[in-house]
Amino acid sequence: QVQLVESGGGLVQPGGSLRLSCAASRITFTIYVMGWYRQAPGKQRELVAAITSGGSTNTADSVKGRFIISRDNAENTVYLQMNSMKPEDTATYYCNAHRARTPWTAAYDYWGQGTQVTVSS
């Protein structure tokens, strides 16, 4: 059973920083695009940032220049460094592992359980 375990969420003041971690187990980590999504109450889940095994990244415009995604393939871990945080960053953050479609397998997504991030004074 694949497991994605997030950690690092919590309460932070506006302008502050947090670092989220997602440890993956029972997974061939390097074949997955790893990503962070977030969902605020009453809103749809949205992509925050994603990173390929080679280190190519895609970051949402709303967090560009403030959030940085990285991964450690040796440790099967993906990180999200969040800086200059704003109240609108408040959401539950989910770790995602995306396996692309191949001629032999369908695309597939694994999700972590989510970690709450609250930005408030």
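Residues numbered from 1 in each chain as written. Predicted model: local features only at pLDDT ≥ 70, side-chain atom pairs only at ≥ 80, totals over all residues. Heavy atoms only, no water.

Peer 1: How should I be thinking about unusual backbone geometry in this particular structure?
Peer 2: Leave glycine aside and you will find that most residues have negative phi; peptide bonds, for their part, are mostly trans. Positive phi outside glycine occurs at Arg26, with the angle close to 55 degrees. Tracing the chain through its elements places Arg26 in the loop between strand S3 (18–25) and strand S4 (32–39). Residues other than glycine seldom take positive phi values, yet Ser84 does so here, at roughly 45 degrees. Within the secondary structure layout, Ser84 lies in the loop between strand S8 (77–82) and strand S9 (91–99). (Helix = DSSP H or I, 4+ residues; strand = E, 2+ residues; numbered from the N terminus.)

Peer 1: Which parts of the structure should I look at to understand the side chain of Arg71?
Peer 2: Considering the arrangement of structural elements, one finds Arg71 in strand S7 (residues 67–72). Buried charge without a partner: Arg71 forms no salt bridge, and the closest opposite charge is Asp72, 8.3 Å away. From its side chain, Arg71 meets the backbone oxygen of Tyr32 in a polar contact 3.0 Å long. Of the polar contacts made by the side chain of Arg71, one reaches the backbone oxygen of Ile51; its length is 3.1 Å. (Buried < 20%, exposed > 50% of the residue type's maximum accessible area, 1.4 Å probe, protein only. Lys, Arg positive; Asp, Glu negative; His and termini not counted. Salt bridge = Lys/Arg side-chain N within 4 Å of Asp/Glu carboxyl O. Polar contact = N/O pair within 3.5 Å; in protein donor to acceptor, adjacent residues only side chain to side chain.)

Peer 1: Where do I start with the sheet that holds S3 in this structure?
Peer 2: Hydrogen bonds between backbone atoms are what pair the strands of a sheet, whose relative direction is either parallel or antiparallel. On the basis of which strands lie adjacent, the open sheet formed by 4 strands has the order S1-S3-S8-S7 and antiparallel pairing. Single-partner strands in this sheet number two, and they are strand S1 (3–7) and S7. Strand-to-strand, the axes of this sheet are offset by a mean angle of 15 degrees, without reference to chain direction. Pairing analysis gives 5 bridges linking S1 to S3, with the strands arranged antiparallel. Bridge pairing in S3 links Gln3 to Ser25. (Pairing = 2+ DSSP bridges. Axes fitted to C-alpha atoms, helices over the stretch in contact; angles between N-to-C directions.)

Peer 1: Is there a simple way to explain the pattern of salt bridges in this structure?
Peer 2: Between side chains of opposite charge, a pair can form when the charged atoms approach closely. Following the criterion strictly, the structure yields 4 salt bridges and no others. Glu46 is the partner of Arg38 in a salt bridge, and the nearest nitrogen-oxygen pair spans 2.7 Å. On the basis of relative accessible area, Arg38 is assigned to the buried category, the value being 6%. Salt-bridge contacts for Arg38 lead to Asp89; the nearest nitrogen and oxygen are separated by 3.0 Å. A residue pair is termed long-range when its members are at least 10 positions apart, and Arg38 in strand S4 and Asp89 in the loop between S8 and S9 qualify at 51 residues. Each member of the pair, Arg38 as well as Asp89, carries the same accessibility label: buried.

Read these as spatial facts, not as claims about activity.
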